[in-house]
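What follows is the residue order along each chain.
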Amino acid sequence: AVVSTQSTGEYVRDTLNSTNLQEKLGDNAETSMLFEAVNAFNDQAVLYDGKRAKLFNKQTQNVLKMRRMNDQMLQLEKCFIYSPGLPGRPANRHLLFAPSVLDSY
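Parameters at a glance
- Residues numbered from 1 in each chain as written.
- Predicted model: local features only at pLDDT ≥ 70, side-chain atom pairs only at ≥ 80, totals over all residues.
- Heavy atoms only, no water.
- 1 Å grid on protein atoms, 1.4 Å probe; cavity = no way out; pocket = protein on both sides within 12 Å on 5 of 7 lines; lining within 4 Å.
- Points joined across faces, edges and corners; volume = space filled by probe spheres on them.
- Nonpolar A, V, L, I, M, F, W, Y, C, P; charged D, E, K, R; others polar.
- Salt bridge = Lys/Arg side-chain N within 4 Å of Asp/Glu carboxyl O.
- Helix = DSSP H or I, 4+ residues; strand = E, 2+ residues; numbered from the N terminus.
- Buried < 20%, exposed > 50% of the residue type's maximum accessible area, 1.4 Å probe, protein only.
- Expected span 1.5 Å × (residues − 1).
- Arc of directions from axis to C-beta.
- Phe/Tyr/Trp six-rings, centres within 6.5 Å; stacked < 30°, edge-to-face > 60°.
- Lys NZ or Arg CZ within 6 Å of the ring centre and 35° of its normal.
- Contact = heavy atoms within 4.5 Å.

*Asks:* How should I be thinking about the layout of surface pockets in this particular structure?
*Replies:* By rolling a water-sized probe across the atoms, one finds the places where empty space is left. Each pocket or cavity is described by its volume, and for the largest pocket that value is around 150 Å³. Lining the largest pocket we find Tyr11, Val12, Thr15, Leu16, Leu86, Leu95 and Leu96. In the lining of the largest pocket, the residues fall into 6 nonpolar, 1 polar and no charged.

*Asks:* Just checking my understanding: could you explain the pattern of salt bridges for this structure?
*Replies:* If charged atoms from side chains of opposite charge come close, those side chains can pair. Here the structure, examined in full by the defined rule, presents 1 salt bridge. The partner of Asp71 in a salt bridge is Arg67, with the nearest N and O atoms 3.1 Å apart. One end of the pair, Asp71, and the other, Arg67, are both in helix H4 (residues 63-78), 4 residues apart, so they sit about a helical turn from each other. For Arg67, a relative accessible area of 53% translates into the label exposed.

*Asks:* Explain H4 to me, please; I cannot follow it from the model alone.
*Replies:* An α-helix turns once per 3.6 residues; consequently, residues spaced three or four apart project the same way. Spanning 16 residues, H4 covers 23 Å between terminal C-alpha atoms, matching the ideal 22 Å at 1.5 Å per step. Residues of H4 that are buried include every one of Met66, Met69 and Met73, and no others. Taken down its axis, H4 places every buried residue within 65 degrees of arc, on the same side. Among the exposed residues of H4, those oriented more than 90 degrees off its buried face are Val63, Leu64 and Arg67.

*Asks:* Before we go on, may I ask you to explain the packing of aromatic side chains in this structure?
*Replies:* What characterises a pair of aromatic rings is the spacing of the ring centres plus the angle enclosed by the ring planes. By the definition in use, this model includes 1 aromatic pair. Taking the centre distance of 6.3 Å and the plane angle of 85 degrees together, the rings of Phe41 and Phe80 count as edge-to-face. You can see Phe41 sitting in helix H3 (residues 32-57) and its partner Phe80 sitting in the segment after H4, a full 39 residues away along the chain. For Phe41, a relative accessible area of 25% corresponds to the partly exposed category. Owing to a relative accessible area of 18%, Phe80 belongs among the buried residues under this scheme. Cation over ring: Arg52 sits above Phe56, and NZ or CZ is 4.6 Å from the ring centre.

*Asks:* Which parts of the structure should I look at to understand the environment of Phe35?
*Replies:* Position of Phe35 among the secondary structure elements: in helix H3. Put simply, Phe35 and Asn17 are 18 residues apart on the chain and 9.0 Å apart in space, counted from C-alpha to C-alpha. With residues up to four places along the chain from it excluded, the contact list for Phe35 reads Leu16, Asn17 and Leu21.

What follows is the structure, given as structure tokens:
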């Protein structure tokens, strides 16, 4: 399955919203900059995915532009890989998409 940058941005935003982060961190924690960054990422992801969809849907496809956009997505994905692995789970290296420690399936 293809994961778009937009769906990644939406996942991060929705996860932050659903975790009641502010409640868990307490009143002294300042989370506004985190939420601003996530919203900015999501906004840019929507623009990027729109450009990508237009490029890939054209009759005359520009192979070099398509390759450049795929390379950009690959580099973005690498930003979410933590080489040593997650704490206590070294086999899981992706910071966003990893099995829950609470579920054993």
